[in-house]
Amino acid sequence: MTPENLLWCLIGVVLGTVIGMLPGLGATTGVAVLLPLTLSMEPVTALIMLAGIYYGCQYGGTIAAVLIATPGDANAVATVIDGYALARKGQAGKALAIAAIGSFVAAVISLVLLMLIAAPIATFALRFGPAEMLAIMIMGLLTIISFSGDNLAKGLMMAGLGLFLSAVGMSTGFAQARFTFGNIQLLGGIDFVVVMIGVFAIGEVVSQIGTGGVEPITTRMRDMRIKRNDVKQSMPSILRGSGVGFALGTLPGAGSTLAALVAYGVEKQVSPFRRNFGKGAIQGVAAAESANNAANANFIPTLALGIPGGTTTAVLLGAFVMYGVQPGPLLFQSQPSLVWGLLTSFFIGNVILLVLNLPLAPVFAQALRLNYSYLYPLILFFSMIGAFAVGNNLFALTVLFAAGVAGFFLKKYDYPTAPLILGLVLGPMVEKALVQTSSYSNGDLTVLFKEPLALAILLITVVIMVIPNVAKRVGRKPKAAVPVTQ
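Keep in mind the model is a prediction, meaning the values are calculated, not measured.

What counts, and where the lines are drawn
- Residues numbered from 1 in each chain as written.
- Predicted model: local features only at pLDDT ≥ 70, side-chain atom pairs only at ≥ 80, totals over all residues.
- Heavy atoms only, no water.
- Helix = DSSP H or I, 4+ residues; strand = E, 2+ residues; numbered from the N terminus.
- Buried < 20%, exposed > 50% of the residue type's maximum accessible area, 1.4 Å probe, protein only.
- Contact = heavy atoms within 4.5 Å.
- Areas by Shrake-Rupley, 256 points an atom, 1.4 Å probe, with all protein chains shown as cover.
- 1 Å grid on protein atoms, 1.4 Å probe; cavity = no way out; pocket = protein on both sides within 12 Å on 5 of 7 lines; lining within 4 Å.
- Points joined across faces, edges and corners; volume = space filled by probe spheres on them.
- Nonpolar A, V, L, I, M, F, W, Y, C, P; charged D, E, K, R; others polar.
- Patch = residues over 30% accessible without salt bridge, like charges linked within 9 Å, V, L, I, M, F, W, Y side chains within 5 Å.
- Salt bridge = Lys/Arg side-chain N within 4 Å of Asp/Glu carboxyl O.
- Phe/Tyr/Trp six-rings, centres within 6.5 Å; stacked < 30°, edge-to-face > 60°.
- Lys NZ or Arg CZ within 6 Å of the ring centre and 35° of its normal.
- Expected span 1.5 Å × (residues − 1).
- Arc of directions from axis to C-beta.

Enquirer: Got a minute to help me understand the overall build of the protein in this structure?
Expert: Summing up its helical and strand segments, the protein has 20 helices and two strands in all. For the protein, buried positions account for 53% of its 486 residues. Across the protein, every contact between residues at least 6 apart in sequence was considered, and the portion connecting residues at least 24 apart equals 79%. As displayed, the protein has an accessible area near 21,200 Å², and 68% of this comes from carbon and sulfur atoms.

Enquirer: Would you mind showing me how to read empty space enclosed by the protein here?
Expert: The gaps of empty space that remain are located by a probe, the size of a water molecule, rolled over the atoms. Enumeration according to the criterion identifies three cavities of 30 Å³ or more in this entry. Approximately 60 Å³ is the volume attributed to the second largest cavity. Lining the second largest cavity, in full, are Tyr 59, Ala 100, Ser 103, Phe 104, Asn 350, Leu 353, Leu 354 and Asn 357. Ranked by residue count, the leading element in the lining of the second largest cavity is helix 15 (residues 336-365), at four residues. Across the lining of the second largest cavity, the residue classes break down as five nonpolar, three polar and no charged.

Enquirer: Explanation requested: a nonpolar patch on the surface in the structure shown.
Expert: On the surface, Leu 7, Leu 10, Val 14, Val 18, Leu 356, Leu 360 and Val 363 cluster together to form a nonpolar patch covering roughly 530 Å² of accessible area. Counting residues per element, the ones that place at least two in the nonpolar patch are helix 1 (3-21) and helix 15. Of the residues forming the nonpolar patch, the biggest block, four residues, is contributed by helix 1. Along the chain, Val 14 falls in helix 1.

Enquirer: I'm lost on the pattern of salt bridges in this one. Help?
Expert: Side chains carrying opposite charge are able to pair once their charged atoms draw close together. Tallied over the full model, the rule gives four salt bridges. For the salt bridge of Glu 431 with Arg 178, the shortest nitrogen-to-oxygen distance reads 2.7 Å. Remark: Arg 178 occurs in strand 2 (residues 177-178) and Glu 431 occurs in helix 18 (residues 418-440); sequence separation between them is 253 residues. Note on Glu 431: relative accessible area 19%, which makes it buried. In this structure, Lys 450 engages Asp 444 in a salt bridge whose closest nitrogen and oxygen atoms are separated by 3.0 Å.

Enquirer: Teacher, can you tell me more about unusual backbone geometry here?
Expert: Most of the time, phi is negative for any residue but glycine, and the peptide bond is trans. You will see that Phe 181, though not glycine, has its phi angle at about 55°, which is positive. Checked against the element boundaries, Phe 181 lands in the loop between strand 2 and helix 8 (192-210). One non-glycine residue, Asp 414, adopts positive backbone phi at about 60°. Following the sequence through the fold, Asp 414 ends up in the loop between helix 17 (395-412) and helix 18.

Enquirer: Could you clarify how one ought to interpret the packing of aromatic side chains in this entry?
Expert: Any aromatic ring pair is given by two values, namely how distant the centres are and how the planes are angled relative to each other. One pass over the structure, following the stated rule, counts five aromatic pairs. Geometrically, the ring pair formed by Tyr 264 and Phe 277 is tilted, given 5.4 Å between the ring centres and 55° between the ring planes. Of this pair, Tyr 264 sits in helix 10 (residues 255-270) while Phe 277 sits in the loop between helix 10 and helix 11 (282-294), placing them 13 residues apart in sequence. Neither residue differs from the other here; Tyr 264 and Phe 277 are each classed as buried. The ring of Tyr 415 has Lys 154 sitting right over it, with the charged end atom 4.7 Å from the ring centre.

Enquirer: What is the right way to look at helix 1 in this model?
Expert: An α-helical turn contains 3.6 residues, so a residue and the one three or four places further along point in the same direction. Between the first and last C-alpha of helix 1 there are 27 Å, a value that for 19 residues agrees with the 27 Å anticipated at 1.5 Å per step. Those residues of helix 1 that sit buried are Asn 5, Cys 9, Gly 12, Val 13, Gly 16, Thr 17, Ile 19 and Gly 20. One side of helix 1 carries all its buried residues, which in axial view fall inside an arc of 165°.

This is the structure we're talking about:
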């Protein structure tokens, strides 16, 4: 609670929000770029600032996802679907406000759980081997059903295309190039962030220009404010999203992206407002954003085991080593002031985010009132900057505009774009888990049904996907017979 630490927490949160709003940069890039600035700081102060950048980026990515349909990072893909739909209805402020509230509630829940059960949870997470991780990836893939809209066949087709594109490059576990056609630029694969920016940002801009959408959204300031009833209806979604996010965040390698996708899929199955999902359901934004923030539980394996919970925590793990701090089971005893100072900063940082962004949500939403002749060039400019920053070469811009053209035609012919990105994001994770499981079991994939934890995860997946549909059919009232004379 020293003034210095509070100041750097504030700086980290603000910088993170700005970085997250820029397409393609995200928390990992933000933390990596600003890491050298912390070399002269005390370890706890430096980690507080870097953690502030981390969760500040998450909310910044939400702002871009809601306002311009361009998720700043993959964990905001689920937010785009209902968040941007709300923005098109003139309710962007409402979407941003519920995102801030959901993130804060999820942060408090995950922080309390972190403090109470960090060490036991980390020990339990060690029991998750290749088979259990493959079962979780299967759960993640099946959530694509929730993103397919009204046409499941089109959604599955897009997911298959995403999985195919994720296979481009060097194969996992084998030194063999796939689908590169002799192009050395493709050996590293197709970066999902570049494709995501192209499909969502470039595709949306071209689509809006093609339909003549050059007039700004006209809305009143009072329509952008969140109402008490909206918070009341969203609170169950926030709690469910927080639970899913925390559970998946504790697993090494799962990360916040998978947590947000699974939470959205679960919410679409169980929410009483599920018919509005994809059309501007505030509950969809609440569930995805809560899970995204609750997945900060990936600090559990990072701190207690020295195993990164995701890509950003992998960079932070390097920062630990750079500061001479050795993560692991003894860290809680050897340097308690650093651990508890870092965890407490999560709460303080999220309070700062809530105080800053809740009143500013309608102000951010006013950006949609800009004339699109000014807004579109800005979106294109920042999209190109973000794509180049990710790929660090001109080939990334080629992929960007190819994805933009594809995004335009997908929107024109009503193909859902979210399953494409989800397939691209989850593809490498699924392949890695599949290769490890096959190696572990000597090619016998029935090990999924022999390992108790893996089987339990598969059964939970079946329950989530099947039970709500069965209950809906059972609860449907039969129609009264109509007399033949009528």
